[in-house]
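Next come the chains, spelled out residue by residue.
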Amino acid sequence: MPKEARPSTGEQAKQHALTQLRQAILHGDMAPAQRLVENELAEQLDVTRASIRAALIDLAAEGLVERIRNRGSRVRVVTVEEAVAITECRMVLEGLCAAKAAVAASDDQLTELADLGRAMTKAVADGEPVTYSELNHELHDKVREFSGQQTALALLERLNAQLVRHRFQLALRPGRPQQSLNEHLAMIEAITARDPQAAEAAVRAHLTSVIEALRD
């Protein structure tokens, strides 16, 4: 948004700051434990310090930021055990979404999933872990979207936001894409076969593997 069209105060300014800071954390531009200095951020985003503070309070509620008494805010560090606990919750919700998608997805949407599976297979064959990671996230996003389960979708968005660092590290671990590819292909096969029980089981098997990798 052009500077002259963007208010520096009020609710719109807070929302602008909130969006920019959230994206920076989710994209890894801000590292875990990085201090978030209100004056510096206000200058960078051309909003008031009050707008930054309000945005940081919202991000703390989302689990992305940690506010420390008398010391300001920092990007929250999610421990391995927290990541495991979050993934256990994902297992239930994503299993539900996969089962719903197996019933609710249109034929065109199922074709999209099959195309993603082929692209993921190619990325692994070509030795492109970053591309594979991006396709992995897209696959999970599509399954949630095609499920039509909006409550699960909202909950998963908040849970997944806290796992950015761990998911990125897993994606770049040698051998991990090769291992997870077959798990993802099993998910796609079950959903495209319109088998909700198998779809849920495939998601649970995949996320059990993720938990084992997190603890490794």
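Criteria and thresholds
- Residues numbered from 1 in each chain as written.
- Predicted model: local features only at pLDDT ≥ 70, side-chain atom pairs only at ≥ 80, totals over all residues.
- Heavy atoms only, no water.
- Helix = DSSP H or I, 4+ residues; strand = E, 2+ residues; numbered from the N terminus.
- Expected span 1.5 Å × (residues − 1).
- Buried < 20%, exposed > 50% of the residue type's maximum accessible area, 1.4 Å probe, protein only.
- Core = buried A, V, L, I, M, F, W, Y, C linked by side-chain atoms within 4.5 Å.
- Contact = heavy atoms within 4.5 Å.
- Pairing = 2+ DSSP bridges.
- Axes fitted to C-alpha atoms, helices over the stretch in contact; angles between N-to-C directions.
- Salt bridge = Lys/Arg side-chain N within 4 Å of Asp/Glu carboxyl O.

Draft legend 1. Structural detail: helix α9 (residues 176-192). For α9, built from 17 residues, the straight-helix expectation of 24 Å at 1.5 Å per residue is met to within 8% by its first-to-last C-alpha distance of 24 Å. The set of residues buried in α9 consists of R176, P177, S180, L181, E183, H184, M187, I188, A190 and I191. Two residues or fewer after α9 comes R194, characterised by a positive phi angle close to 55°.

Draft legend 2. Region of interest: the nonpolar core. Within the largest apolar cluster, 40 residues are counted, with the highest numbers of intra-cluster contacts made by L113, L139, V143 and I191. Contributing elements (two or more residues each) for this core: α4 (80-104), α5 (107-125), α6 (129-147), α7 (150-161), α9 and α10 (196-215). Ranked by residue count, the leading element in this core is α4, at nine residues. Apart from the residues within four sequence positions on either side, L139 is in contact with L113, L116, M120, H184, M187 and I188. Grouped together as the second largest cluster of nonpolar side chains are 20 residues, A24, A42, L45 and V75 included.

Draft legend 3. The sheet that holds strand β1 (residues 35-36), seen in detail. Strand order in this open sheet of three strands is β1-β3-β2, and the pairing throughout is antiparallel. Two strands close off the open sheet at either side, each with one partner strand: β1 and β2 (65-68). Relative to strand β3 (residues 72-75), β2 runs antiparallel, the two being bridged by four bridges. Each bridged residue has a counterpart across the sheet, and for V65 the counterpart in β3 is V75. Contacts between helix α3 (residues 49-61) and the sheet are confined to β1, β2 and β3, with β2 contributing the most and set at about 115° to the helix.

Draft legend 4. Representation of the pattern of salt bridges in the model. Under the definition given, this model contains 17 salt bridges. Among the salt bridges present, the one from R22 reaches E62, with a minimum N-O distance of 2.7 Å. Placement of R22 in helix α1 (residues 10-26) and of E62 in the loop between α3 and β2 is noted, with a sequence separation of 40 residues between them. As a salt-bridge pair, E81 and R215 come within 3.9 Å of each other at their nearest N and O atoms. Of this pair, E81 sits in helix α4 while R215 sits in helix α10, placing them 134 residues apart in sequence.

Draft legend 5. Structural context of the pairing of β3. On β3, burial follows the alternation: S73 and V75 on one face are buried, whereas G72 and R74 on the facing-out side are not. Sheet analysis places β1 next to β3, joined by two bridges and oriented antiparallel. Bridged to L36 within β3 is S73. Following β2, the chain reverses through three residues before pairing antiparallel with β3; N70 in that reversal takes a positive phi of roughly 65°.

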